[in-house]
Each structure stands twice: as structure tokens, then as C-alpha cells.
Amino acid sequence: MKKYDVIVVGAGHAGIEASFAAAKLGSSVLLLTLDINGIGKLSCNPAVGGVSKGHLVKETDALGGLIAKITDECALGFRFLNRSKGKAVWATRAQVDRFSYPRIARRYLENQSNIDILQAKARKILIKGKRLEGIETNFGQFFGAKAVIICAGTFLKSIIHIGLNSFSGGRLHEESSDDLFESIKSSGISTKHFKTGTCARLDKRSLDFSKMTEQPPEYDVDPFSFSNKTIPSNQLSCFITYTNSNTHKVILKNLKYSPLYTGKIKAQGVRYCPSLEDKVVRFCDKERHQVFIEPEARESVEVYPNGISTSLPFKAQIDFIRTIEGLKNAVILRPGYGIEHGLIDARQLKPTLEAEVLEGLYFAGQVNGTTGYEEAAAQGLIAGVNAALKIQRKKPFILRREEAFIGVLIDDLTSKGVDEPYRMFTSRCEFRLSLRESNADVRLTPFAYKLRLVGKEDYERMIAKKSMIENQIKKLRSQKVVFDGRKITLFDMLRRPKVSYDEAEKIIGEKLNGAIARREVEIQVKYGGFLHREQIWLRELKNLDCIKIPKIDFETVPSLSKEVVEKLKKFKPNTLGEALKISGMTPAAILNIYTFMKKKRLKPVKTDKRRVKR
């Protein structure tokens, strides 16, 4: 039986990062995949990043991960989301080439020493007594390991639904890993199923783009990786169209064939990215829903109609798609489908993503109840690092909530668990102004350098950027100008909402190198008060379990969502700490409640009650 330090099961975004990180830290790694050509395959939309997800990509990059580098290399078009808001919350998103991404990912892994890749299915976790021993494959091979990381995505005992036709599969025409799922259950891990899905893929030659609104790419966006300086010059546009009343009529007419509405699909679906039939039923007051026509690759006619995920029958998909403006003659290349997939209860994991019940067994990605490539990549990196550190008998690497979006993600999963597919949002992070995309390298590269996940060049680049920003802020504080008839520092001038950083730079007489550094200076100046407030909130956060909630009508608390109010009424938490531990409760909601209590002079009462166990 050949032995490795670490075996990674699954070569999606979690598996890529897990194997790469563990190998860089010196562990011998076996990466098992069902399809060696499908490493890093983009199962759903061909895009990386977005609001809060871009944070995860940048943080993974700052820690030495691959998702940002691969994305930059195969990007089709970049955009900044949240431009209408302040620069501190801008979010990077990129369309990527679906067919280039796996090829580039495979190249990175093949060029990394210590990694063996094998196309095989993991059939069983080998356990002797209470000790992990390795993996058995479907070919009857046995591989020993000190640690196993399960990154099986949507492949654990999965069922695909297209109308009332259902069959086993982890992706369309790709087999499910049923034996592995049963092996995980027998190891003492609790399991359940969630539902997700995807939309049909269309032939762009059959579409009328003149009837859609073009969304051109943007060229003033920063690359995802801090090691890159430029983005592609030949970017591609997306296009926007909408569903209409005829679309909705076709969908309502075919609900009797929907596995969602006939009860065939019993698992909980994604609240924040529902299927089109779910949107039409749940939001019946909406006259239309937005559809983004996104390119899938440079050398393919295939496009992705983002916003019309469905599990309706193939014929119904054709009928409703052809009612949409610009899609009258649309040709479907692949049907959309729903999928129920197995996962574990992540509350059974330590913050290192190691299972409590079996030492050396780790889980990362969609098997922990998340959605999205970015969430998977972040978890994979943390699992890979910690598996390698444990083998070397070194201190685990755990990011706290106040240090990174990755810390928020893993703390939410392991302390609260999930009762629906988890998606990262900025509202889940109580320190979202401090934990910006643009300062992810300054926050996290020191950790990565100490762990040997990044080299000296990356570390020195970060130090130079940090020094440049600090020196520029010193100059702004020291140099005075006459503004509105008063003599003030450039720092105070720049704090004014309508004063741009370009004006300050002209007075100083020098320009900073790099758009990210310039953005960081402006953010630190203009958001100084808000950033200081977050630091105060950080100190308060440590006492949440001791702050009792007085009698409150939560519906009167500003900015609380209907979902949050419902959960607060249902669980009736006694303290802010108890409220924060409710699944789906955001730190932003807790801050709103705390602020409301103070404004209404409902003095927070410190209680001596026993702290609620996480």
C-alpha cells in the first residue's frame, strides 16, 4: 500500500487549493479526481468573484492560493461591482474561459512538486480502530495517509432532476460517489442533502443581441492576484435581457412537471440564488427578472444565461427561454437541471476543518454546505494548510472573524452550521470596512510568509506597498493648503466628500504607483471615522455573551431583514451572544440591535449567565 502524507478527494476549487497548499508546506499529496481533464471545472456560471466573494479570492491569493492567478490568466472580462457605493466596498468580478480554467489549474498542480494526480473514485475511508489509515478506490487500490481531505463538491450520493426524470449523478453525465457518502456516514459524521442547480447553455449564434442591453467590460479594474499588474486588453461584453409575463405563464403552466413543486426534490435549496420557477412563484408581484447573457469561452459559441436556473423538463425550458427578448430562436446546447447532493454538518468540524470524531479527516468546500467556487477555494486552502501543519506537529492556522472574510466563513460554518446552502455576504462580516479586498495582502501575507506559503518576493512587494501608503498619509497630514478660506492639512481636505485624491496628488507633486495603493490611501482618509468605529465594535464583540437583550419589538429595529426578525422571534435569545449564534444571523444585525438599544437608552445589561457553548 503506497503511503502519502495527505490524500485529497476531489479536484474542484477546494481540492486544488488543499493539495497545492499541503504540497507547498512539504507534504506528499495524492489528488484523486473522477476526471483528470475536469480539474477545476466550472460547474455553474463561468465567473469568479463578486460582492464578498471577491474578498475570498483576494484573501486566498494573499495566502498563496491559486484561484486568483488562474482567473487572471483566463479572464474574459472584468468589472467592479458596487461602484455606486464607497471605494471601501467595491468588489471585483471576472468572467472566465470555462475551457481554459481547468487546463491552467492542471498545469499549476502538475508543476508543483510533491503532488501525484490519479483519475480514480474514492470508494471508502480506511479506518482502523479510531485511527484514519487512508483511502480505498473503485479500482481496489489502497493508499495510506496521515490525513484525508474530502472535497467532493456535489458528488456525494447525488440525484439530478430534469422535470420528473431523475437519475444519479454529481454533474450531468458524471457519476455520483454513493459508496464514499456511506463511508463518511459510517465514520460517525452526520449527513444531509441540499439542492442546487444550473441553467441551460445556449448557442450564441441563435440569439439576437440587438434586442439586449450590452454590458461592456471595464478596464480600470485591478487583477485578482496581487502578483499581477494588468488585466486582458481584449475583453468581452455581457448582455442583459429580461423575462416577461409570457415567460412566467409558461413556467406556471409547467409547475406540475417541476420536481420542486411536485415534492420530488425534498432538500433545502439556495435562498439567494433560486431557480427561475421559484422566483416566479415566490415573487409573483415582479413583472420581470433580469437575465445576463455571459460568454463561456473565447473559442466557443456557448453562452450562459445567468438568472434562469431551472429543473423543468427540457421541452418547457425551450418554451420559456424562447419567450425572452432576444432569445426567440435560441438553441439549447445543454439543458438546465436541479441536483440534490450530500453534505455534512460542519458543526462537527474544528476551526481547522478537521472532524471532531476522527483525527486526520478534513472536509472542505460544498460538502460543508457552501455554494460558490470562492467559498470552496478558501476552505480548501485552510484545510490543506492545517493538515500539513498537523502532520508536522505544528500549531494550527486559524483566522479569526476580525482578521479575514475567510475567518467569518469558517466560524459561521463550524459554530452555527447551515440550514440552507451558505453563500458569503458582506453583511455576515462585522468588520467589512476594515477587511477590504484592497488590503487583503497587507492583512494576510505576513501569515503566509511565516508559514512558507509565499516567497520573499511576494512579502517584499506587500511591505513596499504598505510603506508607500503610510508615507503618503504622513505627507497628507504634514502638508497644509488654503481650502475654503481656511488653512488645513491635505489630509483634512481629502476627507471632504467631494474632494478627489487626484487633487491632493497634484498639490503633493507626486503620484503613487498602483491603483490599489492609491485607493487604499483614499479609503483610509475618507473612512477613518468608520474604521475607528469598527475597532470600538471589535472590543464590544468580546462581551456579547454578557450583554442581555431587554424586551424589544424587533420589527421596530432599523435595517433588520424579515428573515432575521423571524428568527429572533422564534429563538428568543437572552443575550447578543446567543443571538449571534443563531444560524443565518448576521453580525450586522447584531450591531443594529446593539445600536438601537443604546439610542433608545435600553441600557445593555451585563449578565452573569453561563456563556452559551459554541
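Keep in mind the model is a prediction, meaning the values are calculated, not measured. (Residues numbered from 1 in each chain as written. Predicted model: local features only at pLDDT ≥ 70, side-chain atom pairs only at ≥ 80, totals over all residues. Heavy atoms only, no water.)

## A word on helix 8 (residues 314–321)
Point 1. The set of residues buried in helix 8 consists of Ala316, Gln317, Phe320 and Ile321. Down the axis of helix 8, the sector holding all buried residues measures 125 degrees, keeping them to one side.
Point 2. On the buried face of helix 8, the contacting elements are strand 10 (159–162), strand 13 (201–203), helix 6 (245–253), helix 7 (276–282) and strand 18 (332–334). (Buried < 20%, exposed > 50% of the residue type's maximum accessible area, 1.4 Å probe, protein only. Helix = DSSP H or I, 4+ residues; strand = E, 2+ residues; numbered from the N terminus. Arc of directions from axis to C-beta. Contact = heavy atoms within 4.5 Å.)

## Quick notes on the sheet that holds strand 12 (residues 191–198)
Point 1. Across the sheet, which stays open at both edges, the four strands sit in the order 11-10-19-12 with antiparallel pairing between neighbours. Because the sheet does not close on itself, it has two edges, and the strands there are strand 11 (165–168) and strand 12. With strand direction ignored, the average angle separating the axes of adjacent strands in the sheet is 25 degrees.
Point 2. Pairing of strand 10 with strand 11, which is carried by four bridges, proceeds in the antiparallel orientation. If you follow Ile162 over to strand 11, its bridge partner there is Asn165.
Point 3. Strand contacts of helix 5 (residues 178–186): strand 11, strand 12 and strand 19 (337–344), with the helix running at about 145 degrees to strand 12, the strand carrying the most contacts. (Pairing = 2+ DSSP bridges. Axes fitted to C-alpha atoms, helices over the stretch in contact; angles between N-to-C directions.)

## A short note on the nonpolar core
Point 1. Counting residues in each nonpolar core, the largest one holds 133 residues, and the members touching the most others are Ile7, Ile149 and Phe363.
Point 2. For this core, the leading source of residues is helix 9 (residues 373–391), giving eleven residues.
Point 3. Residue contacts for Ile7: discarding those within four places in its chain leaves Leu30, Leu32, Ile135, Phe143, Gly144, Ala145, Ala147, Val148 and Ile149.
Point 4. Core analysis: the second largest hydrophobic core is formed by 24 residues, Ile293, Leu312, Ala316 and Ile324 among them. (Core = buried A, V, L, I, M, F, W, Y, C linked by side-chain atoms within 4.5 Å.)

## Notes on the pattern of salt bridges
Point 1. What the rule picks out here adds up to 47 salt bridges.
Point 2. A salt bridge links Arg131 to Glu133, with the shortest nitrogen-to-oxygen separation between them at 3.1 Å.
Point 3. Note on Arg131: relative accessible area 55%, which makes it exposed.
Point 4. The class of Glu133 is partly exposed, set by a relative accessible area of 26%.
Point 5. Notably, a salt bridge pairs Glu302 with Arg334, separated by 2.8 Å at the nearest N-O pair. (Salt bridge = Lys/Arg side-chain N within 4 Å of Asp/Glu carboxyl O.)

## Description of helix 14 (residues 501–508)
Point 1. Turning to helix 14, its buried residues number three or more, namely Tyr501, Ala504, Glu505 and Ile508. Taken end-on, helix 14 shows its buried residues confined to a sector of 100 degrees, consistent with a single buried face.
Point 2. Residues of helix 14 that are buried sit in contact with helix 12 (456–478), helix 13 (490–494) and helix 15 (515–526).

## Considering the pairing of strand 7 (residues 122–128)
Point 1. Note: strand 7 against strand 8 (residues 131–137), six bridges, orientation antiparallel. Bridging from a neighbouring strand, Lys124 pairs with Glu136 of strand 8.
Point 2. In textbook terms, the turn of a hairpin is the stretch between consecutive antiparallel strands, and for strand 7 and strand 8 this stretch comprises two residues, one of which, Gly129, has a positive phi near 70 degrees.

## A word on the sheet that holds strand 5 (residues 91–96)
Within a beta sheet, neighbouring strands are joined by backbone hydrogen bonds and run either parallel or antiparallel to one another.
Point 1. Taking strand neighbours across the sheet as the criterion, the three strands line up as 3-5-4 in an open arrangement whose pairing is antiparallel. Each edge of the sheet is formed by a strand with only one pairing partner; in this case those strands are strand 3 (47–49) and strand 4 (75–81). Each neighbouring strand pair of the sheet contributes to a mean axis angle of 20 degrees, computed without reference to strand direction.
Point 2. Bridge analysis of strand 3 against strand 5 gives three bridges, and the strand direction is antiparallel. From the neighbouring strand, Gly49 faces strand 5, where its bridge partner is Arg93.

## A few points about unusual backbone geometry
Point 1. In this structure, Asn82 is a non-glycine residue whose phi angle is positive, near 70 degrees.
Point 2. Within the secondary structure, Asn82 is located in the loop between strand 4 and strand 5.
Point 3. Located in the positive-phi region is Asp484, a residue other than glycine, with phi close to 50 degrees.
Point 4. With respect to the secondary-structure elements, Asp484 resides in the loop between strand 21 (480–483) and strand 22 (486–489).

## With respect to the packing of aromatic side chains
Point 1. For the coordinates displayed, the defined rule picks out seven aromatic pairs.
Point 2. Aromatic side chains Phe80 and Trp90 sit 5.1 Å apart centroid to centroid with 45 degrees between the ring planes, which places their arrangement in the tilted category. Taken as a pair, Phe80 in strand 4 and Trp90 in the loop between strand 4 and strand 5 lie far apart in primary sequence, ten residues in all.
Point 3. Over the aromatic face of Trp90 sits the side chain of Arg83, whose NZ or CZ is 5.2 Å from the ring centroid. (Phe/Tyr/Trp six-rings, centres within 6.5 Å; stacked < 30°, edge-to-face > 60°. Lys NZ or Arg CZ within 6 Å of the ring centre and 35° of its normal.)

## Overview of the side chain of Thr371
Point 1. Locating Thr371 in the fold gives a position in the loop between strand 20 (361–363) and helix 9.
Point 2. Looking at Thr371, the relative accessible area reads 12%, which means it is buried.
Point 3. Ignoring anything within four residues of it in the chain, the contact list for Thr371 reads Lys53, Val270, Pro421, Tyr422 and Arg423.

## What about the side chain of Asn254?
Point 1. Its location among the elements puts Asn254 in the loop between helix 6 and helix 7.
Point 2. There is a polar contact of 2.8 Å between the side chain of Asn254 and the backbone oxygen of Val250.
Point 3. Residues within four places of Asn254 in sequence aside, it is in contact with Leu312 and Ala316. (Polar contact = N/O pair within 3.5 Å; in protein donor to acceptor, adjacent residues only side chain to side chain.)

## Digging into the pairing of strand 21
Point 1. Of the two faces of strand 21, only one is covered, namely that formed by Val481 and Phe483; the face formed by Lys480 and Val482 stays uncovered.
Point 2. Connecting strand 21 to the antiparallel partner strand 22 that follows it, the hairpin turn spans two residues, and Asp484 within it adopts a positive phi of roughly 50 degrees.

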